[in-house]
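Here is what each chain is made of, one letter per residue.
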Amino acid sequence: MAVTSYRRRWTLDDRAESPWHSLPVDVPADCPGLLVTLTIPPIDGVVIDIGLEGPDGWRGWSGGARQTFAITPTAATPGYVPGELEPGTWWVVLGLHRLPTEGAELIVEAVTGPVADIPGLTSYADASAAIAVPERPPRRTLPATPGLKWIAGDFHAHSLHSDGSTPIANLAALGVAAGLDVLAITDHNTIAHHRELPGLSDRFGIGLIPGQEVTTDTGHANAFGHLTAIDFRQPASTWVTEVARQGGLLSINHPLGGDCAWRHPLTEHPPLAEIWHSSWLDHHWGGPIAWWQAWGLDTVAIGGSDWHNPTSPTPIGTPTTWLAVDAAAETPAELVEATLQALTAGRTAISTTYTAPVLLRVEDTLIALDAPNTLVLSPNGTRHPITSPHHQLPATPGPHTLVTHTGQFLSSCT
């Protein structure tokens, strides 16, 4: 057993140099485990993130949710990828998210050797096993283009693999109870959760989409698909190219979301944007739609609850993103792949909830469901009155939105 310790006062000068700093740890051959502990002083205004990188790549991220974690060849703390500990230099990565003016003294201790108790693992496994499959509510069948069908999804949710409060099994249960067919699990700066998704998809009968929320203090983005970890420390332009290279889809998250609003410079826009987000609490406020118009209406709009815990602003499935997918897709795995294809093709619609009014594009027709006495706004600003619960009008190119007579946004379709 060997112990590597660092004690240092980190200052605003360090934070100005870079938000992220790496501390080397030597891992010997045939190492049975690595245990890392971060000690933070009890000072207001200190928020420190922590993660781990090995010689062969990224192994996980706690953000500010944990201060101790472990990795062994067969198991790891949630948020970290288990597996052989390749010999060589590893790096404990600190994120200096918030520091007071006087700085803060941090202690990092890394222990190589046997790990008797992996932090967080047993409680996570016990909680996951105890969650039952809930009853699904009555399925909502929407009119669709021949060969396609509409399924319901949510593209933003967090588990105990990052700063969520619950195992992925509970997210799956909440998604089923909300009527969802697919749910993206988008933990911060880690893909450790991806290995759980296929088994839990089959257990709960819901397509769990592999995702990663690429997280920085100047903006977040969700990377969807069967991807390796996207390096949040690199410029955002590299996220766009790397996700595309790996065959995935990148979405800008909550672009007007408080201190997480999107502020990264980009010349090439990713294909998706989370226009409808839980932070949009008053749908009379047109800011998100204005951002979409300014950013580019060719960007496919999606929605996400950004669920972390029961005190989150909205439940899972609020808003609901509808996807026109291949009608032959049935199994959870098939629904995941069909969803990624529908996102690529831009076949989406968004409603505030699963049962709320919705505006759909069906071939060359727009259909407004359960929304009498509202208006459809076309991309050129033309308004179309909706007078019945199943109102049809000719579709024009580009996204359309559904609003009340008071200007409250109810739905959009691309």
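As shown above, the structure is provided for reference.
Our subject in this report is the structure included herewith.

Turning our attention to the overall build of the protein. When helices and strands are tallied, the protein shows seven helices and 24 strands. In terms of overall dimensions, the protein is globule-like: its C-alpha atoms have a radius of gyration of 22 Å, near the 22 Å expected for 414 residues. Along the first, second and third principal axes, the C-alpha set of the protein runs to 75 × 45 × 35 Å. Counting contacts in the protein only where the partners sit at least 6 residues apart, residues at least 24 apart contribute 71% of the total. Once the 19 positive and 40 negative side-chain charges of the protein are each reduced to a mean point, those two points are 3 Å apart.

Take the sheet that holds strand S22 (residues 390–394) next. Here we have three strands laid out as an open sheet, ordered S18-S19-S22, and antiparallel in their pairing. Taken across any chain shown, the strands that pair with only one partner, and hence form the sheet edges, are strand S18 (358–362) and S22. This sheet shows a mean twist of 25 degrees between the axes of neighbouring strands, independent of strand direction.

Let us look at the sheet that holds strand S4 (residues 47–54). The antiparallel open sheet is built from four strands, whose spatial order is S2-S7-S4-S5. Looking at which strands have only one partner, the edges of the open sheet turn out to be strand S2 (20–27) and strand S5 (57–63). The sheet shows a mean angle of 20 degrees between the axes of neighbouring strands, direction not considered. Inspection of the sheet shows S4 paired to strand S7 (residues 88–98) by seven bridges, in the antiparallel sense. The residue bridging Ile48 from the neighbouring strand is Leu96, located in S7.

Let us now look at the pattern of salt bridges. Under the defined criterion, the tally for this structure stands at 11 salt bridges. Between Arg15 and Asp217 there is a salt bridge whose closest N-O contact spans 2.2 Å. Of the two residues, Arg15 is situated in helix H1 (residues 12–17) and Asp217 in the loop between strand S11 (207–216) and strand S12 (219–224); the sequence distance between them amounts to 202 residues. A cluster of three or more residues bridged by salt bridges with shared partners is formed by Glu53, Asp231 and Arg233.

Another aspect to go through is the packing of helix H3 (residues 168–177) against helix H4 (residues 197–204). For any two helices packed against each other, the geometry comes down to the angle between their axes and how far apart the axes lie. Their axes nearest at 10 Å, the elements H3 and H4 cross at an angle of 40 degrees. Considering only the axes of H3 and H4, their crossing is right-handed. Contacts from Ile168, Ala169, Ala172, Ala173 and Val176 in H3 reach Leu197, Leu200, Arg203 and Phe204 in H4. Of the residues in the contact of H3 with H4, the class split is eight nonpolar, no polar and one charged.

The linkage connecting Thr318 with the following residue, Pro319, adopts the cis geometry, with an omega of 0 degrees. Mapping Pro319 onto the fold places it in the loop between strand S15 (300–304) and strand S16 (320–326). The residue Asp306 is not glycine, and still its phi comes out positive at about 60 degrees. With respect to the helices and strands, the residue Asp306 is situated in the loop between S15 and S16. On the basis of relative accessibility, which here comes to 12%, the residue Asp306 falls in the buried class. Here Glu363, not a glycine, exhibits a phi torsion of approximately 55 degrees, which is positive. One can find Glu363 in the loop between S18 and strand S19 (365–369).

Another point: the side chain of Thr321. Looking at the secondary structure, you find Thr321 in strand S16. When near neighbours in sequence (up to four residues on either side) are disregarded, Thr321 contacts Ile151, Ala152, Gly153, Phe155, Ile302, Gly303, Thr348, Ala349 and Ile350.

A few words now on the nonpolar core. Within soluble globular proteins, side chains that are nonpolar generally end up buried alongside one another. Leu183, Phe204, Ile206, Leu208, Trp322, Leu360 and Leu402 are the most contacted members of the largest nonpolar core, which totals 42 residues. If you list the elements that add at least two residues to this core, you get strand S9 (148–154), H3, strand S10 (182–188), H4, S16, S18, S19 and strand S24 (409–413). By residue number, the principal contributor to this core is H3, which donates six residues. Once residues within four sequence positions are removed from consideration, Leu360 is found in contact with Leu142, Pro143, Trp150, Ala349, Thr365, Leu366, Ile367, Leu369 and Cys413. Core analysis: the second largest hydrophobic core is formed by 29 residues, Ile252, Ala273, Trp276 and Trp292 among them.

Among the residues making up H4, those that are buried are Leu197, Leu200, Ser201 and Phe204. Along the long axis of H4, the arc covered by the buried residues comes to 110 degrees, so they all point the same way. Across from the buried face of H4, at angles greater than 90 degrees, the exposed residues are Pro198 and Asp202. Turning to H4, the residues buried within the fold contact H3, S10, S11 and helix H7 (332–345).

In this section: the packing of aromatic side chains. Taken as a whole, this structure holds 11 aromatic pairs when the rule is applied. With a centroid separation of 4.9 Å and 55 degrees between ring planes, the pair formed by Trp61 and Phe232 is classed as tilted. Of this pair, Trp61 sits in strand S5 while Phe232 sits in the loop between S12 and helix H5 (236–245), and the two are 171 residues apart along the sequence. Just as Trp61 is buried, Phe232 falls in that class too.

Mapped onto the fold, His158 is located in the loop between S9 and H3. Residue classification places His158 among the buried residues on the basis of a relative accessible area of 0%. Within polar-contact distance, the side chain of His158 engages the side chain of His156 at 3.1 Å. Once residues within four sequence positions are removed from consideration, His158 is found in contact with Asp163, Gly164, Leu171, Thr186, Asp187, His188, Glu213, Asp306, Trp307 and His308.

Calculation rules
In this convention, every chain numbers its residues from 1, walking through the sequence in written order. For this predicted model, a pLDDT threshold of at least 70 governs which residues receive local features, and a threshold of 80 or more governs which side-chain atom pairs are given and counted, while totals over whole chains, interfaces and linings are taken from all residues. Computation of side-chain values: all heavy atoms of the structure, hydrogens and water removed. Strands are runs of DSSP state E lasting at least 2 residues, helices are runs of H or I lasting at least 4, and numbering of each runs from the N terminus. The globule rule used here is 2.2 Å times the number of residues to the 0.38 power, and the radius of gyration it is set against is calculated over C-alpha atoms. Contacts are assigned to residue pairs with any non-hydrogen atoms lying within 4.5 Å of each other. Counted charges follow a simple rule, with Lys and Arg positive, Asp and Glu negative, and His plus the chain ends left uncounted. For the purpose of locating charges, the reference atoms are NZ of Lys, CZ of Arg, CG of Asp and CD of Glu. Here, any two strands with at least 2 DSSP bridges between them count as paired. Here the axes come from fitting lines to C-alpha atoms, over the contacting stretch only for helices, and the angles between their N-to-C directions go from 0 to 180 degrees. Counted as salt bridges are all cases of a side-chain nitrogen of Lys or Arg within 4 Å of a carboxyl oxygen of Asp or Glu. Handedness of each helix crossing follows the sense of rotation of the near helix against the far helix: counterclockwise by less than a right angle gives left-handed, clockwise gives right-handed. We call Asp, Glu, Lys and Arg charged. Ala, Val, Leu, Ile, Met, Phe, Trp, Tyr, Cys and Pro are nonpolar, and the rest, Gly among them, are polar. Residue exposure (1.4 Å probe, protein chains only): buried if accessible area is under 20% of the type maximum, exposed if over 50%, otherwise partly exposed. Here, nonpolar core means buried Ala, Val, Leu, Ile, Met, Phe, Trp, Tyr and Cys residues that are tied together by side-chain atoms lying within 4.5 Å of each other. As used here, the arc belongs to the directions running from the helix axis to the C-beta atoms. Two rings from Phe, Tyr or Trp (for Trp, the six-membered ring) form a pair when their centres are within 6.5 Å of each other. A pair whose planes differ by under 30 degrees is stacked, one over 60 is edge-to-face, and the rest are tilted. Counted as a polar contact is a pair of N or O atoms within 3.5 Å, where, for protein atoms, one must be capable of donating a hydrogen and the other of accepting one, and residues adjacent in sequence contribute only when both atoms are in side chains.

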